[in-house]
Amino acid sequence: MEQTLSGRTALITGSTSGIGLGIARMLAAAGARIMLNGFGSADDIAAAKRDVAKAGNAPEPHHSAADLSDPAQIRAMCAEAEQHLGQVDILVNNAGIQFTSPIVDFPDEKWNAIIALNLSANFHTTKALLPGMTTRNWGRIVNIASIHGIVASPEKVAYVAAKHGVIGMTRTVALELAQGQVTCNAICPGFVRTPLAEKQVTALAARHNITEEAALKDFLLVKQPSKRWVEVEEVARMALYLCGPDSGSVNGAALSIDGGWSAA
């Protein structure tokens, strides 16, 4: 892969598995030095670090286990990233959680947790790292939103609200940065093939006594016209473009990668 990010550094939240890990691999392969963040067993985190190191043909990246629902831990993580990497040129806000329920039954604590991690954490990381980017007059902020930042679905009130908020914040930050070389954009994936999502398919198939292929098409991907997964690598390649040197005029965008969902 062309080393378009050689000399650049990146902090990626929620990057010990799934989409975040895929983005970490992609940016490392393009030459960036990486700091990972996320939960998991010691073995899982060690495997993620080896995976990213192999992709970038570099030493294993640093890892922070900061709880992103806690602003103090977020600030400490960002300071640690700047110290370890020297500076943070790229911020990818990927960490998130989900919970489904009708609003009348939606637990208050679940609302608070989803808003804290899926929306407020993006605010705190951006606030902490933006001063360094603007001082150097170069930076890339990529927020992993969701198709649910563009359209709504029932029983996902907190997630939909948070992801709509992420897109609004992305646009606001972009306007504040418009005359410099720091950009802020959002990616809005549909259903992405990750280990967690594949477990949902297995559970649906068992619950309805159908094949996993039928569960995928008739239940999970019912709103995704392509009737196939979005692949992690597809999201990661879009993130790579937004983090690279050729995307300086892309600012405040909410880019869908959803198999046609938002076109319906």
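Residues numbered from 1 in each chain as written. Predicted model: local features only at pLDDT ≥ 70, side-chain atom pairs only at ≥ 80, totals over all residues. Heavy atoms only, no water.

Trainee: Whenever I open this one, the overall build of the protein chain confuses me. Can you help?
Mentor: Scanning the protein chain from N- to C-terminus turns up eight helices and nine strands. On C-alpha atoms alone, the protein chain measures out to a radius of gyration of 18 Å, which is about the 18 Å that the 2.2 N^0.38 rule sets for 264 residues. Its C-alpha atoms put the protein chain at 55 × 35 × 35 Å along the principal axes. Counting across all 264 residues of the protein chain, residues that qualify as buried make up 48%. Looking at the protein chain alone, contacts between residues at least 24 apart form 72% of all its contacts between residues at least 6 apart. Summing over all exposed atoms, the protein chain offers an accessible surface of approximately 12,300 Å²; the carbon and sulfur share of this is 53%. Separation of charge centres in the protein chain, based on 22 positive and 24 negative side chains, amounts to 3 Å. (Helix = DSSP H or I, 4+ residues; strand = E, 2+ residues; numbered from the N terminus. Rg over C-alpha atoms; globule rule 2.2 N^0.38 Å. Buried < 20%, exposed > 50% of the residue type's maximum accessible area, 1.4 Å probe, protein only. Contact = heavy atoms within 4.5 Å. Areas by Shrake-Rupley, 256 points an atom, 1.4 Å probe, with all protein chains shown as cover. Lys, Arg positive; Asp, Glu negative; His and termini not counted. Charge placed at Lys NZ, Arg CZ, Asp CG, Glu CD.)

Trainee: What is the right way to read the pattern of salt bridges from this model?
Mentor: As a working rule, side chains carrying opposite charge can pair if their charged atoms are close by. Per the counting criterion, the structure on display carries five salt bridges. For arginine 25, the salt bridge identified is with aspartate 51, shortest N-O distance 2.7 Å. Here the residue arginine 25 occupies a position in helix α1 (residues 18-29), and aspartate 51 occupies one in helix α2 (residues 42-56), the gap between them amounting to 26 residues. Judged by its relative accessible area of 25%, arginine 25 falls in the partly exposed class. In this structure, lysine 217 and glutamate 213 form a salt bridge, with 3.6 Å as the shortest nitrogen-oxygen distance. Separated by four residues within a single helix, lysine 217 and glutamate 213 lie in helix α7 (residues 212-220), roughly one turn from each other. (Salt bridge = Lys/Arg side-chain N within 4 Å of Asp/Glu carboxyl O.)

Trainee: How should I be thinking about the side chain of asparagine 37 in this particular structure?
Mentor: Summarising the element assignment, asparagine 37 is placed in strand β2 (residues 33-37). The exposure class assigned to asparagine 37 is buried, which follows from its relative accessible area of 2%. Looking at asparagine 37, its side chain comes within polar contact range of the main-chain oxygen of serine 64, at 3.1 Å. Those residues in contact with asparagine 37, other than ones at most four positions away along the chain, are Ile12, Thr13, Gly14, Ser15, Thr16, His63, Ser64, Ala65, Ala66, Leu68 and Met77. (Polar contact = N/O pair within 3.5 Å; in protein donor to acceptor, adjacent residues only side chain to side chain.)

Trainee: What should I look at first to understand the packing of aromatic side chains in this one?
Mentor: Each pair of aromatic rings is reported with the distance of its centres and the angle of its planes. For the structure on display, the rule yields two aromatic pairs. Across from the ring centre of tryptophan 138, 3.7 Å away, lies the NZ or CZ of arginine 8, which sits over that ring. (Phe/Tyr/Trp six-rings, centres within 6.5 Å; stacked < 30°, edge-to-face > 60°. Lys NZ or Arg CZ within 6 Å of the ring centre and 35° of its normal.)

Trainee: Any chance you could explain helix α4 (residues 108-136) here in plain terms?
Mentor: What sets the pattern is the α-helix's 3.6 residues per turn: residues three or four places apart point alike. For α4, built from 29 residues, the straight-helix expectation of 42 Å at 1.5 Å per residue is met to within 8% by its first-to-last C-alpha distance of 41 Å. Where α4 bends most, the angle comes to about 45°, and this point is serine 120. Positioned one or two residues after α4, asparagine 137 has a phi angle of 55°, which is positive. (Expected span 1.5 Å × (residues − 1). Bend = angle between axes of the 7 residues up to and from the residue.)

Trainee: Please explain unusual backbone geometry as it appears in this structure.
Mentor: Residue asparagine 57 is not a glycine yet carries a positive backbone phi of 50°. Mapped onto the secondary structure, asparagine 57 falls in the loop between α2 and β3 (62-64). Taking relative accessible area as the criterion, asparagine 57 reaches 74% and is therefore assigned exposed. Within the chain, lysine 227 stands out as a residue other than glycine whose phi angle is a positive 55°.

Trainee: How do you make sense of the sheet that holds β3 when you look at a structure like this?
Mentor: One key point about sheets: their strands pair by backbone hydrogen bonds, in either a parallel or an antiparallel sense. Strand order in this open sheet of seven strands is β3-β2-β1-β4-β5-β6-β9, and the pairing throughout is parallel. This sheet does not close on itself; its edge strands, each paired only once, are β3 and β9 (254-257). Geometrically, the sheet is characterised by an average inter-axis angle of 20° between neighbouring strands, direction not taken into account. Across six bridges, the pairing between strand β5 (residues 139-144) and strand β6 (residues 182-189) is parallel. Looking across to β6, one finds that isoleucine 141 is bridged to cysteine 184. Those strands touched by α1 are β1 (9-12), β2, β4 (90-93) and β5, and its axis lies near 175° from that of β1. (Pairing = 2+ DSSP bridges. Axes fitted to C-alpha atoms, helices over the stretch in contact; angles between N-to-C directions.)

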